[in-house]
Amino acid sequence: MTVLIEPNKPTIVRASQVLFYANAVVWLALGAISLWRLSASPAQSLTFLIVALLMFGNVAAMLLAGWGLGKLRRRYFYLAIFVLVINIILTFTDEFGLLDFLTLMLDLTLLGMLIYSRRLYFGR
């Protein structure tokens, strides 16, 4: 049975997994809000639908990266870095508010944790 957070892994790996899952929950909520906004603004419904689908894609990427980090494989490390870098870049392409700042801090924290623990993924 595959578990989401593997208890026998180093603490920094488990903490990274938890933060990726927390990040996924944030993006899931944002995607749900975008879907809810579809009914409030029919003129922009296609835009909100596309944004929501992209957010749900981000949720999937975050979940996969979080799960994969527990495997201690290089490819999942690269996936996690890629997801974080894309999220960090995209944070600045829209209006920058409090929620953007909070997700940016979460992404930067995760990036720092991955850089710090990179040897765990390249030791095999």
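Residues numbered from 1 in each chain as written. Predicted model: local features only at pLDDT ≥ 70, side-chain atom pairs only at ≥ 80, totals over all residues. Heavy atoms only, no water.

Another aspect to go through is the environment of Val25. Note that Val25 resides in helix 1 (residues 11-40). Considered as a pair, Val25 and Leu54 are 29 residues apart in the sequence and their alpha carbons are 14 Å apart. (Helix = DSSP H or I, 4+ residues; strand = E, 2+ residues; numbered from the N terminus.)

Attention shifts here to helix 3 (residues 74-91). With 18 residues, helix 3 extends 26 Å from end C-alpha to end C-alpha; this agrees with the ideal 26 Å at 1.5 Å per step. Among the residues making up helix 3, those that are buried are Tyr76, Phe77, Ala80, Ile81, Val83, Leu84, Asn87, Ile88 and Thr91. Viewed along the axis of helix 3, the buried residues span an arc of 160°, placing them on a single side of the element. Relative to its buried face, helix 3 has exposed residues pointing more than 90 degrees away, namely Arg75, Phe82 and Ile89. In the core, the buried residues of helix 3 are packed alongside helix 1, helix 2 (45-69), helix 4 (98-116) and helix 5 (118-122). (Expected span 1.5 Å × (residues − 1). Buried < 20%, exposed > 50% of the residue type's maximum accessible area, 1.4 Å probe, protein only. Arc of directions from axis to C-beta. Contact = heavy atoms within 4.5 Å.)

With respect to the helices and strands, the residue Ser39 is situated in helix 1. Given a relative accessible area of 60%, Ser39 falls into the exposed group.

Counting through the fold element by element, Ser16 comes out in helix 1. Apart from the residues within four sequence positions on either side, Ser16 is in contact with Leu69, Leu110, Met113 and Leu114.

A separate point is the nonpolar core. Membership of the largest hydrophobic core comes to 22 residues, with the highest contact counts inside it found for Phe20, Leu114 and Tyr121. Among the secondary structure elements, those contributing two or more residues to this core are helix 1, helix 2, helix 3 and helix 4. The greatest single-element share of this core, amounting to six residues, is contributed by helix 3. Apart from the residues within four sequence positions on either side, Leu114 is in contact with Ser16, Phe20, Leu69, Phe77, Ala80, Ile81, Leu84 and Tyr121. (Core = buried A, V, L, I, M, F, W, Y, C linked by side-chain atoms within 4.5 Å.)

Taking 1.5 Å per residue, 30 residues should reach 44 Å; helix 1 reaches 44 Å between its end C-alpha atoms and fits that length. Among all positions in helix 1, only Val13, Ser16, Gln17, Phe20, Tyr21, Asn23, Ala24, Trp27, Leu30, Gly31 and Ser34 are buried. Those residues of helix 1 that are buried are in contact with helix 2, helix 3, helix 4 and helix 5.

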